[in-house]
Amino acid sequence: KVLWTILKYRPTIIYCYADIPLFTTFGWNAFFKFRLIYDMRGDILNEWKVRGKSSLEQFLLKCIYSAAIKKVDLIFSVSATFPQNISCKVKPKYNYYDGDIFYFDERKSNLLRRYLELEDRFIFVYSGNTLYYQMLEENIRFFAQVYKKYFHAYLILLTEFEHDILEKELSKYNIPSSAYIIKSLPQHEVSDLQSIADIGLLIRDDLPLNHNAFPTKFCEYLASGVPVLMTPHIHTLVPIVKNYNLGKIVTLKDDYSKDIDELYESRKQKDVKQLCSKFAAANLMWQKKAKDIYKLITIT
């Protein structure tokens, strides 16, 4: 199918989103001389290793990957630090958000918070799934410690995945149903609900898969006016959060008491939600970034 498409349209540029399109395309470059662009979504070699692929499968993937990379003219990477030691041009291209879907409307957010009778609650939001690298249990364990110190704490869980798995985790940490809500929402409704939160949870483990990631929920939290609580293992995000005061970075530990108290005090800061939203709109929104990416793609 790839060959038929190349023969029919004779493209001068081929844009490969993620790994499989690259692997099925690069071999034709020698015959048709197109400009090859690779949108690298993460560290596939490490991911295959973590998923338990056999040594033979890993070896074959590494050979294909090495051959393909040599044919690439431009790499877009979601990480500002990956890959390293690649001779071709590498440009960061983060998982930007859609400004028509995610936004912060302070008046609307306050009204929804009042309507849901959550005006006086210390609200956290977790948007994601139950995959191992998203560290669901640790995010819930953190909230359990918050709830133990502050009984007016409340957790919003936004997921398309199994609600029963989340409920089991919440029950394991003795979090009552009055302290949380689990919702599956269409994408265009997510921003309104998560915008009422004080903190967005983005706790991740120390894994190469996370080191070289850029979770879309980071942009979507900020766009919705929600500062982020994260660990230092998503390397590209750390300087962004630190330099622009967009949340708090914590290390994984048994007792988060001190971090929780600092978070509780920081929620009183004025305009922090506006700060997050404005930063996202200026730096992480597709509508602002598309032209720059297009220019890089079409350079001859």
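Here the structure is a predicted model, which is why all the values come from computation and not from measurement.

S.K.: Help me understand the overall build of the protein chain in this model?
M.R.: Looking only at helices and strands, the protein chain has 15 helices and 10 strands in total. Against the 2.2 N^0.38 benchmark of 19 Å for 300 residues, the protein chain shows a C-alpha radius of gyration of 21 Å, consistent with a compact globule. Taken over 300 residues, the protein chain has a buried fraction of 48%. Charge separation in the protein chain, taken as the distance between the mean sites of 41 positive and 34 negative side-chain charges, equals 8 Å.

S.K.: I would appreciate a short explanation of the packing of helix α7 (residues 136-149) against helix α13 (residues 257-266) in the present structure.
M.R.: In a packed pair of helices, the relevant descriptors are the angle between the two axes and the axis-to-axis distance. Where α7 meets α13, the closest approach of the two axes is 10 Å, and the angle between their N-to-C directions is 70°. Taken together, the axes of α7 and α13 are roughly perpendicular relative to one another. Of the two possible hands of crossing, α7 and α13 adopt the one that is right-handed. Touching Phe142, Gln145, Val146 and Lys149 of α7 are Ser257, Ile260, Asp261 and Leu263, all from α13. Class assignment of the residues belonging to the contact of α7 with α13 gives a composition of four nonpolar, two polar and two charged.

S.K.: Would you mind going over a nonpolar patch on the surface with me for this structure?
M.R.: Taken together, the side chains of Leu56, Phe59 and Leu60 make up a nonpolar region of the molecular surface, amounting to roughly 330 Å² of accessible area. Its location among the elements puts Phe59 in helix α5 (residues 55-69). Judged by its relative accessible area of 52%, Phe59 is exposed.

S.K.: Which parts of the structure should I look at to understand α13?
M.R.: Along an α-helix, residues three or four positions apart point the same way, because every turn accommodates 3.6 residues. Listing the buried residues of α13 in full gives Asp259, Ile260, Leu263 and Tyr264. End-on, the buried residues of α13 take up no more than an arc of 135°, which puts them together on one face. Buried residues along α13 sit against β5 (122-127), α7, β8 (199-202), β9 (228-230) and β10 (247-249).

S.K.: Quick question: what am I supposed to make of the pairing of β5 here?
M.R.: Regular strands show a simple pattern: their side chains alternate between the two faces of the sheet. When you tally the buried positions in β5, you get six out of six residues, the bulk of the element. Note: β5 against strand β6 (residues 153-158), six bridges, orientation parallel. The residue bridging Phe124 from the neighbouring strand is Leu155, located in β6. Read from β5 through α7 to β6, the crossover connection turns out right-handed. Bridging between β5 and β8 involves two bridges; their strand directions are parallel. By the bridge assignment for β8, Val125 is matched with Gly200.

S.K.: What is the right way to read the pattern of salt bridges from this model?
M.R.: Oppositely charged side chains may form a pair once their charged atoms are brought near each other. Summed over the entire model, instances satisfying the criterion amount to 12 salt bridges. Across the salt bridge formed by Lys108 and Asp192, the nearest N and O atoms sit 3.3 Å from each other. Placement of Lys108 in helix α6 (residues 106-115) and of Asp192 in helix α9 (residues 187-194) is noted, with a sequence separation of 84 residues between them. A residue is classified by how much of its surface remains accessible, and Lys108, at 38% relative accessible area, is partly exposed. A salt bridge links Glu137 to Lys172, with the nearest nitrogen and oxygen atoms 2.6 Å apart. Of the two residues, Glu137 sits in helix α7 while Lys172 sits in helix α8 (residues 163-172), which places them 35 residues apart along the sequence. Looking at Glu137, the relative accessible area reads 34%, which means it is partly exposed. For Lys172, a relative accessible area of 49% gives the class partly exposed.

S.K.: What exactly am I supposed to notice about the side chain of Arg35 here?
M.R.: Looking at the element boundaries, Arg35 is found in strand β2 (residues 35-40). At a separation of 2.6 Å, a polar atom in the side chain of Arg35 contacts the main-chain carbonyl oxygen of Ile297. Arg35 has contacts with Thr12, Ile13, Ile14, Asp73, Leu74, Leu296, Ile297, Thr298 and Ile299, leaving out every residue within four places of it along the chain.

S.K.: Looking at this model, I keep getting lost on the pairing of strand β3 (residues 74-77). Mind explaining?
M.R.: Neither face of β3 is exposed, since Leu74 and Phe76 on one face and Ile75 and Ser77 on the opposite face are all buried. In this structure, β2 lies alongside β3, joined through four bridges in parallel fashion. Each residue of the ladder has a partner; that of Met40, found in β3, is Ser77. Direction of pairing for β3 relative to strand β4 (residues 89-92): parallel, over a ladder of four bridges. Counted as the bridge partner of Leu74 is Lys89 from β4.

Parameters at a glance
- Residues numbered from 1 in each chain as written.
- Predicted model: local features only at pLDDT ≥ 70, side-chain atom pairs only at ≥ 80, totals over all residues.
- Heavy atoms only, no water.
- Helix = DSSP H or I, 4+ residues; strand = E, 2+ residues; numbered from the N terminus.
- Rg over C-alpha atoms; globule rule 2.2 N^0.38 Å.
- Buried < 20%, exposed > 50% of the residue type's maximum accessible area, 1.4 Å probe, protein only.
- Lys, Arg positive; Asp, Glu negative; His and termini not counted.
- Charge placed at Lys NZ, Arg CZ, Asp CG, Glu CD.
- Axes fitted to C-alpha atoms, helices over the stretch in contact; angles between N-to-C directions.
- Parallel < 35°, antiparallel > 145°, perpendicular 65-115°, else oblique.
- Left-handed = near helix turned anticlockwise from the far one by under 90°.
- Contact = heavy atoms within 4.5 Å.
- Nonpolar A, V, L, I, M, F, W, Y, C, P; charged D, E, K, R; others polar.
- Patch = residues over 30% accessible without salt bridge, like charges linked within 9 Å, V, L, I, M, F, W, Y side chains within 5 Å.
- Areas by Shrake-Rupley, 256 points an atom, 1.4 Å probe, with all protein chains shown as cover.
- Salt bridge = Lys/Arg side-chain N within 4 Å of Asp/Glu carboxyl O.
- Arc of directions from axis to C-beta.
- Pairing = 2+ DSSP bridges.
- Right-handed = clockwise from strand over helix to strand, strands pointing away.
- Polar contact = N/O pair within 3.5 Å; in protein donor to acceptor, adjacent residues only side chain to side chain.

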